[in-house]
Amino acid sequence: MKKKTSVWVLLLAVAIVTAGCETGSQTGQTAQKEQKGAASAQANGSGTTVDTPKTGGQATTDSTIAKVRMDNITALRLIDGQSGWIGGNGWIARTDAAASDSVGSTWNVQYQGQGTVQQIFALNGQQAWTVMADSGSLLATRDGGKRWEVVGTVPEQGQAGFLHFVSSKEGFSGSQYTKDGGHSWSSLPMPGHMVGQPYYHDRQNGWAVTQDTDRSFQILHTVNGGQKWTTVMSRTTEAPLNGAIIRSVERGNAWIELVGDTGMNQTSYSLWHTADSGQSWRAVLANATAGGGPAPGISQQENQVAKNEGTAPGMLYPVNSSTAWMGGYCAPCDKPNTIGWTTDGGKTWNNGKQGFDGYGGQQIGMANAKEGWAIFSDSEQAPVMYTTSDGGQHWTQSHVFDKPVASGS
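Quick look at the structure, then.

What counts and what doesn't
Residues numbered from 1 in each chain as written. Predicted model: local features only at pLDDT ≥ 70, side-chain atom pairs only at ≥ 80, totals over all residues. Heavy atoms only, no water. Disulfide = S-S within 2.5 Å. Buried < 20%, exposed > 50% of the residue type's maximum accessible area, 1.4 Å probe, protein only. Helix = DSSP H or I, 4+ residues; strand = E, 2+ residues; numbered from the N terminus. Polar contact = N/O pair within 3.5 Å; in protein donor to acceptor, adjacent residues only side chain to side chain. Contact = heavy atoms within 4.5 Å. Pairing = 2+ DSSP bridges. Axes fitted to C-alpha atoms, helices over the stretch in contact; angles between N-to-C directions.

## Considerations on the state of the cysteines
- Applying the stated criterion across every chain yields a total of one disulfide.
- Paired by a disulfide, Cys330 and Cys333 hold their sulfur atoms 2.0 Å apart. One disulfide, between Cys330 and Cys333, carries an S-S torsion of 60 degrees and so falls in the right-handed class.
- Among the residues examined, Cys333 registers a relative accessible area of 27% and is labelled partly exposed.

## Describing the side chain of His273
- For His273, the position within the fold is in strand E19 (residues 266-274).
- A polar atom in the side chain of His273 sits 3.2 Å from the backbone oxygen of Ser321.
- Side-chain polar atoms of His273 contact the backbone oxygen of Gly345, separated by 2.9 Å.
- Beyond its immediate chain neighbours, meaning those up to four positions away, His273 contacts Asn253, Ala254, Trp255, Ser280, Trp281, Arg282, Val284, Ser321 and Gly345.

## A short note on the sheet that holds strand E7 (residues 137-141)
- An order of E3-E4-E5-E6-E7-E8 is seen for the six strands of this open sheet, with the pairing classed as antiparallel. In this open sheet, the two strands that pair with only one neighbour each are strand E3 (75-78) and strand E8 (149-153). Here the strands of the sheet are splayed against their neighbours by 45 degrees on average, with no regard to which way each runs.

## Description of unusual backbone geometry
- With phi around 60 degrees, His193 is a residue other than glycine that occupies positive phi space.
- Position of His193 relative to the elements: it lies in the loop between strand E12 (186-187) and strand E13 (199-200).
- Even without glycine at this site, Met264 takes up a positive phi of about 55 degrees.
- Considering the arrangement of structural elements, one finds Met264 in the loop between strand E18 (254-263) and E19.
- The class of Met264 is exposed, set by a relative accessible area of 60%.

Structure below.
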């Protein structure tokens, strides 16, 4: 049985700051780990190699060809069930499945440059943005990725705000706001004593988690652009929060993951959901562990709350007010990755029956409640991509990133 517990400790340490994980959003992914994993994978000879124009940042028809190894995939974003982007250490690639191809079987590397891709957000099949780790450089495309250009820098990217755009001009990353497509950014109001980053669904509606003492936390909501924050939930905890991940896919709707302690390669966490602007909350998941202690905000009396598979959180990916997906991770397990979901707003939770290899990070992306992709990386093996078309009941292996692919395919 493989033992990669140290990898997960590194992943989790930065995941609690972010993302969804996710990146894919995503819990449990870190730029530091991604770079180490890429170097290790190259040393072991794993990963798809693609011949692509080397352009230093913009896709052109340059005659200089460089080989790109897809040996550690650090970001994933779907356009629909057939098309999407992935990124890694210095590259961005896109796939568009033809009628005769399986999804993800052919990839076209569109960009090469410095840095590791941290996040990708696609507004549609033509407009997308990519954040590079460390530098916070923001790349954008308006032609489906034929040309990627650096358009600006996302401030405070070390705080790992979740990048999302609501139009071609207006976007958000934590407390940062742009109204010109990412060229310039301004700060939005946020409360004090925050855990993690706030999440602005739009210019007026936002969410934040705060912690004033070691024994309690609060979830706050604003409907006036941060001018006033209202406490919509307050709970006690056995130990201080170590992270909070917020996603809001519809106005008045929020999925909030609270990360507790870590010990013995186990991390406690809870997942909460509201569909009425915080007037009522549902505890969706309560993952208490022997090493990490009680799930944050869950009392001993609330023993009917569902539990996700694994001993630590994976990537959180909500689809709408009813449907959300979340990975699980178990460092000492032979199949460390699992995927669970809810389709009724968290009333019930489904733990998938399949386990997946990969001790180096997981990426989960959903096009809708039925169609989704998952990619699992490993420092000693090539990343593997799986797809589902029945809402996670079955995942089918669609591609292993270990074979050379012709340029422009």
